[in-house]
Amino acid sequence: MDLSENLKNIKIRIENAASRVGRDPNTIRLIAVTKEADVESIERIIELGVKDLAENYAQQLLAKYQTLRQATWHFIGRIQTNKIRHIVPICEYIHSVCRKDELVQIDRIANKYGKVQKVLIEVNISQEQTKSGVQGSELQEILEFGSSMRNIKIVGLMTMAPFTDDFQQIRSIFRELRKLRDLHQLQHPELVHLSMGMTNDFEIAIEEGATMVRIGRAIFKGE
Ligand SMILES: *Cc1c(COP(=O)(O)O)cnc(C)c1O
(Lines give C-alpha, C1' and ligand atoms only; values in the text may rest on other atoms or scores of the structure.)
Protein backbone atom coordinates (compact mmCIF):
# COMPACT_ATOMS: atom_id res chain seq x y z
CA MET A 1 0.00 0.00 0.00
CA ASP A 2 1.60 3.22 -1.17
CA LEU A 3 -0.06 6.20 0.48
CA SER A 4 1.98 8.63 -1.56
CA GLU A 5 0.76 7.07 -4.82
CA ASN A 6 -2.83 7.03 -3.58
CA LEU A 7 -2.70 10.71 -2.67
CA LYS A 8 -1.10 11.65 -5.95
CA ASN A 9 -3.83 9.83 -7.86
CA ILE A 10 -6.59 11.47 -5.86
CA LYS A 11 -5.10 14.93 -6.42
CA ILE A 12 -4.96 14.31 -10.15
CA ARG A 13 -8.56 13.12 -10.14
CA ILE A 14 -9.62 16.20 -8.15
CA GLU A 15 -7.80 18.47 -10.61
CA ASN A 16 -9.33 16.75 -13.61
CA ALA A 17 -12.85 16.89 -12.21
CA ALA A 18 -12.40 20.57 -11.34
CA SER A 19 -11.07 21.46 -14.76
CA ARG A 20 -13.95 19.68 -16.51
CA VAL A 21 -16.26 22.31 -15.02
CA GLY A 22 -13.84 25.23 -15.01
CA ARG A 23 -13.22 25.29 -11.26
CA ASP A 24 -10.01 26.12 -9.43
CA PRO A 25 -8.91 22.88 -7.70
CA ASN A 26 -7.55 24.95 -4.81
CA THR A 27 -11.13 25.76 -3.81
CA ILE A 28 -11.72 22.08 -3.01
CA ARG A 29 -10.62 20.91 0.41
CA LEU A 30 -9.49 17.30 0.66
CA ILE A 31 -10.51 15.85 4.01
CA ALA A 32 -8.99 12.49 4.89
CA VAL A 33 -11.48 10.26 6.70
CA THR A 34 -9.47 8.30 9.23
CA LYS A 35 -12.08 5.94 10.68
CA GLU A 36 -10.43 2.85 9.26
CA ALA A 37 -6.83 4.06 9.39
CA ASP A 38 -4.13 3.42 11.98
CA VAL A 39 -2.10 6.21 13.53
CA GLU A 40 1.01 5.33 11.54
CA SER A 41 -0.77 5.77 8.21
CA ILE A 42 -2.36 8.99 9.37
CA GLU A 43 1.03 10.36 10.42
CA ARG A 44 2.34 9.45 7.00
CA ILE A 45 -0.34 11.34 5.08
CA ILE A 46 0.23 14.38 7.29
CA GLU A 47 3.91 14.22 6.30
CA LEU A 48 2.72 14.08 2.71
CA GLY A 49 0.88 17.35 3.16
CA VAL A 50 -2.68 16.45 4.17
CA LYS A 51 -3.93 18.97 6.72
CA ASP A 52 -7.57 18.02 7.25
CA LEU A 53 -8.69 14.86 9.05
CA ALA A 54 -12.19 13.63 9.84
CA GLU A 55 -13.64 11.12 12.28
CA ASN A 56 -17.12 9.63 12.73
CA TYR A 57 -16.90 8.62 16.36
CA ALA A 58 -16.13 10.90 19.29
CA GLN A 59 -14.11 8.18 21.03
CA GLN A 60 -11.86 7.67 18.01
CA LEU A 61 -11.57 11.41 17.54
CA LEU A 62 -10.31 11.84 21.10
CA ALA A 63 -7.85 8.98 20.84
CA LYS A 64 -6.40 10.10 17.53
CA TYR A 65 -6.33 13.75 18.50
CA GLN A 66 -4.03 12.91 21.40
CA THR A 67 -1.28 11.91 18.99
CA LEU A 68 -2.25 14.01 15.97
CA ARG A 69 -2.86 17.46 17.36
CA GLN A 70 -1.26 19.27 14.45
CA ALA A 71 -4.13 18.41 12.08
CA THR A 72 -7.33 20.35 11.46
CA TRP A 73 -10.10 18.05 12.68
CA HIS A 74 -13.61 17.61 11.31
CA PHE A 75 -16.43 15.65 12.89
CA ILE A 76 -18.62 13.89 10.32
CA GLY A 77 -20.51 11.22 12.29
CA ARG A 78 -23.81 10.91 14.01
CA ILE A 79 -23.80 13.28 16.98
CA GLN A 80 -24.50 12.02 20.47
CA THR A 81 -25.48 14.99 22.58
CA ASN A 82 -23.40 13.87 25.55
CA LYS A 83 -20.26 13.75 23.35
CA ILE A 84 -20.54 17.33 22.13
CA ARG A 85 -18.40 18.56 25.01
CA HIS A 86 -15.56 16.39 23.66
CA ILE A 87 -16.06 17.27 20.00
CA VAL A 88 -16.27 21.07 20.20
CA PRO A 89 -12.85 21.80 21.74
CA ILE A 90 -11.11 19.65 19.12
CA CYS A 91 -12.92 20.25 15.84
CA GLU A 92 -12.75 23.19 13.50
CA TYR A 93 -15.87 21.95 11.67
CA ILE A 94 -18.81 19.76 12.65
CA HIS A 95 -20.42 18.55 9.41
CA SER A 96 -23.30 16.47 10.66
CA VAL A 97 -25.66 18.69 12.62
CA CYS A 98 -29.30 17.68 12.14
CA ARG A 99 -31.21 18.94 15.16
CA LYS A 100 -31.89 22.13 17.08
CA ASP A 101 -30.95 20.60 20.42
CA GLU A 102 -27.53 19.78 18.96
CA LEU A 103 -27.12 23.43 18.01
CA VAL A 104 -28.13 24.51 21.51
CA GLN A 105 -25.57 22.24 23.12
CA ILE A 106 -22.80 23.12 20.63
CA ASP A 107 -23.43 26.82 21.25
CA ARG A 108 -23.26 26.29 25.01
CA ILE A 109 -19.99 24.36 24.91
CA ALA A 110 -18.42 26.65 22.31
CA ASN A 111 -19.25 29.61 24.53
CA LYS A 112 -17.45 27.90 27.40
CA TYR A 113 -14.34 27.57 25.25
CA GLY A 114 -14.65 31.11 23.91
CA LYS A 115 -14.88 29.90 20.31
CA VAL A 116 -17.27 30.25 17.43
CA GLN A 117 -17.95 26.71 16.23
CA LYS A 118 -18.26 26.28 12.49
CA VAL A 119 -20.95 23.75 11.59
CA LEU A 120 -22.64 22.36 8.51
CA ILE A 121 -26.19 21.06 8.42
CA GLU A 122 -26.60 17.52 7.14
CA VAL A 123 -29.40 17.16 4.63
CA ASN A 124 -31.01 13.84 3.78
CA ILE A 125 -31.65 14.41 0.10
CA SER A 126 -31.96 10.75 -0.86
CA GLN A 127 -34.74 10.24 1.72
CA GLU A 128 -33.25 6.93 2.81
CA GLN A 129 -34.62 5.82 6.17
CA THR A 130 -31.18 4.74 7.35
CA LYS A 131 -29.59 8.12 6.71
CA SER A 132 -29.65 11.01 9.11
CA GLY A 133 -30.11 14.63 8.15
CA VAL A 134 -32.88 17.19 7.87
CA GLN A 135 -35.28 17.32 4.97
CA GLY A 136 -34.74 20.15 2.51
CA SER A 137 -38.05 21.64 3.64
CA GLU A 138 -36.79 21.87 7.23
CA LEU A 139 -33.63 23.77 6.34
CA GLN A 140 -34.99 27.27 6.58
CA GLU A 141 -36.16 26.74 10.13
CA ILE A 142 -32.92 25.25 11.43
CA LEU A 143 -30.83 27.91 9.67
CA GLU A 144 -32.93 30.65 11.25
CA PHE A 145 -32.59 28.98 14.62
CA GLY A 146 -28.81 28.67 14.33
CA SER A 147 -28.24 32.16 13.00
CA SER A 148 -29.31 33.68 16.31
CA MET A 149 -26.58 31.84 18.20
CA ARG A 150 -23.46 33.76 19.06
CA ASN A 151 -21.07 30.85 19.30
CA ILE A 152 -22.15 29.06 16.14
CA LYS A 153 -21.55 29.86 12.51
CA ILE A 154 -23.38 27.71 9.99
CA VAL A 155 -21.04 27.66 7.02
CA GLY A 156 -22.54 25.04 4.73
CA LEU A 157 -24.49 21.91 3.97
CA MET A 158 -23.44 18.27 3.96
CA THR A 159 -24.96 15.18 2.39
CA MET A 160 -24.21 11.55 1.62
CA ALA A 161 -25.30 9.95 -1.63
CA PRO A 162 -26.73 6.43 -1.53
CA PHE A 163 -24.39 3.51 -2.14
CA THR A 164 -25.27 2.79 -5.75
CA ASP A 165 -23.67 2.71 -9.18
CA ASP A 166 -26.51 4.78 -10.60
CA PHE A 167 -24.36 7.84 -11.22
CA GLN A 168 -27.28 9.89 -12.51
CA GLN A 169 -29.04 9.45 -9.20
CA ILE A 170 -25.91 10.43 -7.29
CA ARG A 171 -25.45 13.50 -9.46
CA SER A 172 -29.02 14.64 -8.97
CA ILE A 173 -28.60 14.39 -5.18
CA PHE A 174 -25.47 16.54 -5.22
CA ARG A 175 -27.16 18.98 -7.58
CA GLU A 176 -30.10 19.27 -5.22
CA LEU A 177 -27.81 20.07 -2.28
CA ARG A 178 -26.19 22.80 -4.30
CA LYS A 179 -29.58 24.27 -5.20
CA LEU A 180 -30.51 24.34 -1.53
CA ARG A 181 -27.22 26.04 -0.68
CA ASP A 182 -27.71 28.65 -3.40
CA LEU A 183 -31.29 29.29 -2.31
CA HIS A 184 -30.58 29.74 1.40
CA GLN A 185 -27.38 31.66 0.78
CA LEU A 186 -29.56 34.59 -0.20
CA GLN A 187 -30.69 34.90 3.44
CA HIS A 188 -27.53 33.43 4.97
CA PRO A 189 -24.49 34.63 3.04
CA GLU A 190 -22.09 32.69 5.28
CA LEU A 191 -23.55 29.45 3.90
CA VAL A 192 -20.75 28.75 1.44
CA HIS A 193 -19.62 25.15 1.81
CA LEU A 194 -20.87 21.97 0.19
CA SER A 195 -19.46 18.92 1.96
CA MET A 196 -20.20 16.09 -0.45
CA GLY A 197 -18.32 13.32 -2.23
CA MET A 198 -16.57 10.21 -0.89
CA THR A 199 -14.37 7.55 -2.48
CA ASN A 200 -17.11 6.34 -4.82
CA ASP A 201 -18.42 9.67 -5.99
CA PHE A 202 -16.07 12.57 -5.25
CA GLU A 203 -15.52 13.46 -8.89
CA ILE A 204 -19.26 13.85 -9.49
CA ALA A 205 -19.49 15.91 -6.31
CA ILE A 206 -16.74 18.25 -7.50
CA GLU A 207 -18.45 18.67 -10.86
CA GLU A 208 -21.58 19.63 -8.93
CA GLY A 209 -19.82 22.18 -6.73
CA ALA A 210 -18.37 20.39 -3.68
CA THR A 211 -15.98 22.56 -1.65
CA MET A 212 -15.10 19.74 0.76
CA VAL A 213 -14.67 16.09 -0.21
CA ARG A 214 -14.46 13.45 2.52
CA ILE A 215 -12.29 10.58 1.36
CA GLY A 216 -11.26 7.48 3.28
CA ARG A 217 -10.79 4.27 1.31
CA ALA A 218 -9.21 5.87 -1.76
CA ILE A 219 -6.46 7.30 0.44
CA PHE A 220 -5.84 4.50 2.88
CA LYS A 221 -6.78 1.45 0.81
CA GLY A 222 -6.07 2.67 -2.70
CA GLU A 223 -9.60 1.92 -3.92
C1 LIG B 1 -16.70 6.86 5.98
C2 LIG B 1 -17.22 8.18 5.57
C3 LIG B 1 -16.65 8.86 4.51
C4 LIG B 1 -15.53 8.30 3.66
O5 LIG B 1 -15.98 7.21 2.92
P6 LIG B 1 -14.99 6.43 1.93
O7 LIG B 1 -15.90 5.59 1.13
O8 LIG B 1 -14.08 5.63 2.81
O9 LIG B 1 -14.26 7.44 1.13
C10 LIG B 1 -17.16 10.13 4.22
N11 LIG B 1 -18.16 10.68 4.91
C12 LIG B 1 -18.75 10.03 5.94
C13 LIG B 1 -19.86 10.69 6.66
C14 LIG B 1 -18.30 8.76 6.29
O15 LIG B 1 -18.91 8.12 7.30
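Residues numbered from 1 in each chain as written. Predicted model: local features only at pLDDT ≥ 70, side-chain atom pairs only at ≥ 80, totals over all residues. Heavy atoms only, no water.

On to the overall build of the protein chain, then. Summing up its helical and strand segments, the protein chain has 9 helices and 8 strands in all. Relative to its length of 223 residues, the protein chain is compact, with a C-alpha radius of gyration of 17 Å against a globular reference of 17 Å. When its C-alpha atoms are laid out on the principal axes, the protein chain stretches across 45 × 40 × 30 Å. A burial count over the protein chain gives 52% of its 223 residues as buried. In the protein chain, 58% of the contacts between residues at least 6 apart in sequence involve partners at least 24 apart. (Helix = DSSP H or I, 4+ residues; strand = E, 2+ residues; numbered from the N terminus. Rg over C-alpha atoms; globule rule 2.2 N^0.38 Å. Buried < 20%, exposed > 50% of the residue type's maximum accessible area, 1.4 Å probe, protein only. Contact = heavy atoms within 4.5 Å.)

Considering all chains together, one arrives at 18 salt bridges under this definition. Here Lys118 and Glu92 are joined by a salt bridge, their closest N and O atoms 3.0 Å apart. A residue pair is termed long-range when its members are at least 10 positions apart, and Lys118 in strand 5 (residues 117-122) and Glu92 in strand 4 (residues 91-97) qualify at 26 residues. Of the residues examined, Lys118 reaches a relative accessible area of 23% and is grouped as partly exposed. With a shortest N-O distance of 2.6 Å, Glu128 and Lys131 are connected by a salt bridge. Note on Glu128: relative accessible area 26%, which makes it partly exposed. Each of Arg20, Arg171, Arg175, Glu207 and Glu208 takes part in salt bridges that share partners, so that together they form one network. (Salt bridge = Lys/Arg side-chain N within 4 Å of Asp/Glu carboxyl O.)

What follows covers the pairing of strand 1 (residues 29-33). Counting buried positions over the 5 residues of strand 1 gives 4, a clear majority of the element. Pairing between strand 1 and strand 2 (residues 52-55): 3 bridges, direction parallel. By the bridge assignment, Ala32 is partnered in strand 2 with Leu53. (Pairing = 2+ DSSP bridges.)

Attention now moves to the state of the cysteines. Scanning all chains against the criterion turns up 0 disulfides. Left without a disulfide partner, Cys91 is nearest to the cysteine sulfur of Cys98, which lies 15 Å away. Classification of Cys91 by relative accessible area gives buried; the value is 1%. (Disulfide = S-S within 2.5 Å.)

The method is simple in principle: a probe with the dimensions of a water molecule rolls over the atoms, and the space it marks as empty is what remains. As a volume, the largest pocket reaches approximately 730 Å³. Those elements that place two or more of their residues in the lining of the largest pocket are strand 8 (212-215) and helix 9 (217-220). Residue composition of the lining of the largest pocket, grouped by class: 12 nonpolar, 8 polar and 9 charged. Surrounding the second largest pocket, Lys11, Ile14, Glu15, Pro25, Asn26, Ile28, Arg29, Leu30, Gly49, Val50, Lys51 and Asp52 form its lining. Among the elements of the structure, helix 1 (3-20) and strand 1 are those that each provide at least two residues to the lining of the second largest pocket. Element by element, the count of residues in the lining of the second largest pocket is highest for helix 1, at 3 residues. Each residue belonging to the lining of the second largest pocket can be placed in one class, and the counts come to 5 nonpolar, 2 polar and 5 charged. (1 Å grid on protein atoms, 1.4 Å probe; cavity = no way out; pocket = protein on both sides within 12 Å on 5 of 7 lines; lining within 4 Å. Points joined across faces, edges and corners; volume = space filled by probe spheres on them. Nonpolar A, V, L, I, M, F, W, Y, C, P; charged D, E, K, R; others polar.)

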